[in-house]
Amino acid sequence: MSSPSLMRDAFIDYIYEAAQKNRNLIFLSADFGAKALDRFRQDLPGQFIHAGISEQNMVDVGAGLAIAGKQVVLYAMAPFIVPRCYEQIKAVLCAMNLPIALVGVGAGLGYDHATLTHFTPEDIAATKALNHMEVWSPADSPTALAIAHLVAEQPALRYVRLERQPMPAIYPEVTRDDLNRGYNHLCQGRDICIVACGYLVHKALKVQRMLAAEGLSVGVVDVYGIKPLSADLAGLLGGYGAVVTVEEQLLEGGFGSGILESMAEAGKLRPFKRLGLRNGFDVSNGDRDVLHAKYGIDTPDIAAAARSMLQTVG
Amino acid sequence: MGFQSKKSNLSDLVQRSQWMRRTLFEMVVKHGAGCLPSCLSMVEVLISLYYGGVANVVAGEPRHAKRDRILISKGHAAMAQYPILADYGFFPKAELERFSEPGGLLGIYADFRVPGIEGISGSLGHGIGMGAGICLAARADGQDHRSFVVVGDGECYEGSIWESAMFAAHHRLENLVVVVDRNQLCILGRTEELLSLGSLEDKWRSFGWDVASVDGHSYKALLGAFDRVGHTDGKPYVIISNSVKGKGISFMEGNAEWHNKIPNEQQIARAREDLSVNCISV
């Protein structure tokens, strides 16, 4: 396993390459940086716009650029590109189905110490509910890189939710076919499958190893294509004895709900448990692990939920 | 420039004012839909743009590459463009008869699918940012077309307007021209009584814009102000168009309650009588 790396650098490094070849590609940032962005700003000043801490205007300016034929990437912290600009996104970008990529860093609980203003426990539900919007959530830099290729080569209205912390690579490489599939069946099992996206895929893998050591046959699925959600996923999960989803989102309309809906509609429903934030959740100081323990989505919680379901299912 | 904008002389412009008010009125009463007074306050602004030799628009070619982009950010009044766009041959005039009807092209709020409508509007506070983006793209492409954006004075309550104002001034978007339709009214009453906007002139100037403030129903004043377009030393340009909401229909003028109210039969007769005399003169 390679050393942990930042998704935003992998993503922007490729956008930089693409922008060198495609002078129509314009990158806007709402005063949010990345190491990889320094080179972009220096080498391609005509294709970089500092929008100020004015995310709403950034979305409207991006719309104008796209209307005029430019390829546009909008970049900010996740809480300030999605919830703050929801109206601009809905009333302009979605209404006109403009081929713009919204890239939000620190989705979910990424800004752990910053707490409520910086959390986005609703960004998946919020963006899934938008007309025309695709939603992507990579779990590592190779996946973020593949999504950057997609953004550069097949412009469409997309929200790309990136993890803030450096993450170890799960995959040596992620291909367009992988993206088109929308998910990866990381570990094959029989008894129970843990389904996650982004940061929590790494915890799901830990749980899988713990439970395998206990003799349980546990699968793990990484869903990076949240919308559109793969039509095949329900069938795959339907082959398991039970399914557990885990997310850094409020459960209402979130990640797990989408999986549950797809299985129910496909007639593949299995015993199902969603782990995530509950309405009325509170905060405390602490890092990601402290918060996960508090919300019942840490490694031991996922393992306990899986064991408990297996007992019920038999 | 080889443009075939429909440039008219002053008396023709004045006649067009009456034509436009009557056309809009009949569209609204026939279908019982639309925000007529908000349209009536900016009739002279639109006619100046499309017929006064201000904006470059090509009859029959709504997507002409070098056209100036005209965005009505106060989307509830973007329908005021419809008679003009039909006159420019962007779509059949028969569509005006089907305004707001199922299957018709023209909705109450302007839709970007209508030829000649450059972007969606209806939610306030988006047009200047969009216009700024279009201007930046034009600059990057070495094009010199302009963006004309009409906003309402009530729309200036939106914070995004001022984000965009700061942005456009920083980027020296001289090809961005904003007209504020200063008709003094929003839905519930007078702006200065409900939540004071104060001096819009001072506010825009302090944001780095070149500012003119004129009688929004005087072609001489408006055309004089539009003459400055492109001569503002790199600054974006805003024209405060001091206007009367409901202009031309006596009982609607300056009366907030008519924002989206549809007149009854007696009122329709009265309004037609009002509109039989042109409220604008040379």
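Residues numbered from 1 in each chain as written. Chains lettered and ligands numbered in written order. Predicted model: local features only at pLDDT ≥ 70, side-chain atom pairs only at ≥ 80, totals over all residues.

K.L.:
Explain the overall build of chain A here, please?
P.N.:
If you tally the helices and strands in chain A, you get 13 helices and twelve strands. Against the 2.2 N^0.38 benchmark of 20 Å for 314 residues, chain A shows a C-alpha radius of gyration of 19 Å, consistent with a compact globule. When the backbone C-alpha atoms are referred to their principal axes, chain A occupies close to 60 × 40 × 40 Å. Looking at chain A as a whole, 54% of its 314 residues are labelled buried. (Helix = DSSP H or I, 4+ residues; strand = E, 2+ residues; numbered from the N terminus. Rg over C-alpha atoms; globule rule 2.2 N^0.38 Å. Buried ≥ 20, exposed ≤ 12 C-beta atoms within 10 Å, placed from the backbone.)

K.L.:
Can you walk me through the packing of helix α1 (residues 10–31) of chain B against helix α11 (residues 265–275) of chain B in this structure?
P.N.:
For any two helices packed against each other, one specifies the crossing angle of their axes together with the interaxial distance. Residues and elements named next belong to chain B. Relative to each other, α1 and α11 sit at 165 degrees, their axes nearing to 10 Å. In terms of orientation, α1 lies roughly antiparallel with respect to α11. Every pair of crossing elements has a handedness; the one defined by α1 and α11 is left-handed. Each of Q18, R21, R22, F25 and V29 in α1 lies in contact with α11, whose residues at this interface are I268, A271 and L275. (Axes fitted to C-alpha atoms, helices over the stretch in contact; angles between N-to-C directions. Parallel < 35°, antiparallel > 145°, perpendicular 65-115°, else oblique. Left-handed = near helix turned anticlockwise from the far one by under 90°. Contact = placed C-beta atoms within 7 Å.)

K.L.:
I keep staring at the domain arrangement of chain A and nothing clicks. Help me out?
P.N.:
How big an interface is tends to be stated in terms of accessible area lost as the parts join. All names here are of chain A. Assigned domains within chain A: domain 1 (7–162) and domain 2 (182–313). Once you take the C-alpha centre of each, domain 1 and domain 2 turn out to be 27 Å apart. In this complex, domain 1 contributes 21 residues to the contact, which on the side of domain 2 involves 25 residues. Contributing elements (two or more residues each) for the side of domain 1 that touches domain 2: α6 (123–128) and β5 (134–136). The residue makeup of the side of domain 1 that touches domain 2, split by class, is eleven nonpolar, five polar and five charged. (Domains from an automatic or database assignment. Nonpolar A, V, L, I, M, F, W, Y, C, P; charged D, E, K, R; others polar.)

K.L.:
Help me understand the nonpolar core, please; the structure alone is not making it clear to me.
P.N.:
F11, L74, I194 and I302 of chain A are the most contacted members of the largest nonpolar core, which totals 198 residues. Taken domain by domain, the makeup of this core includes at least three residues from each of domain 1 (7–162) and domain 2 (182–313) of chain A. (Core = buried A, V, L, I, M, F, W, Y, C linked by C-beta atoms within 7 Å.)

K.L.:
Is there a simple way to explain the sheet that holds strand β9 (residues 218–223) of chain A in this structure?
P.N.:
Pairing between the strands of a sheet is mediated by backbone hydrogen bonds and can be parallel or antiparallel. Residues and elements named next belong to chain A. Ordered by their spatial adjacency, five strands build an open sheet running β7-β9-β8-β11-β12, and the pairing between neighbours is mixed. Only two strands of the sheet have a single partner each, and these edge strands are β7 (183–187) and β12 (272–277). Here the average twist between neighbouring strands, direction ignored, is 20 degrees. Looking at chain direction, strand β8 (residues 192–196) and β9 are connected through five bridges and run parallel. Considered in β9, the bridge of A196 is made with D222. Its contacts with the sheet put helix α9 (residues 199–213) on β7, β8, β9 and β11 (242–250), and the angle it makes with β9 is roughly 170 degrees. Helix α13 (residues 299–313) contacts β8, β9, β11 and β12 of the sheet and is inclined by roughly 150 degrees relative to β11. (Pairing = 2+ DSSP bridges.)

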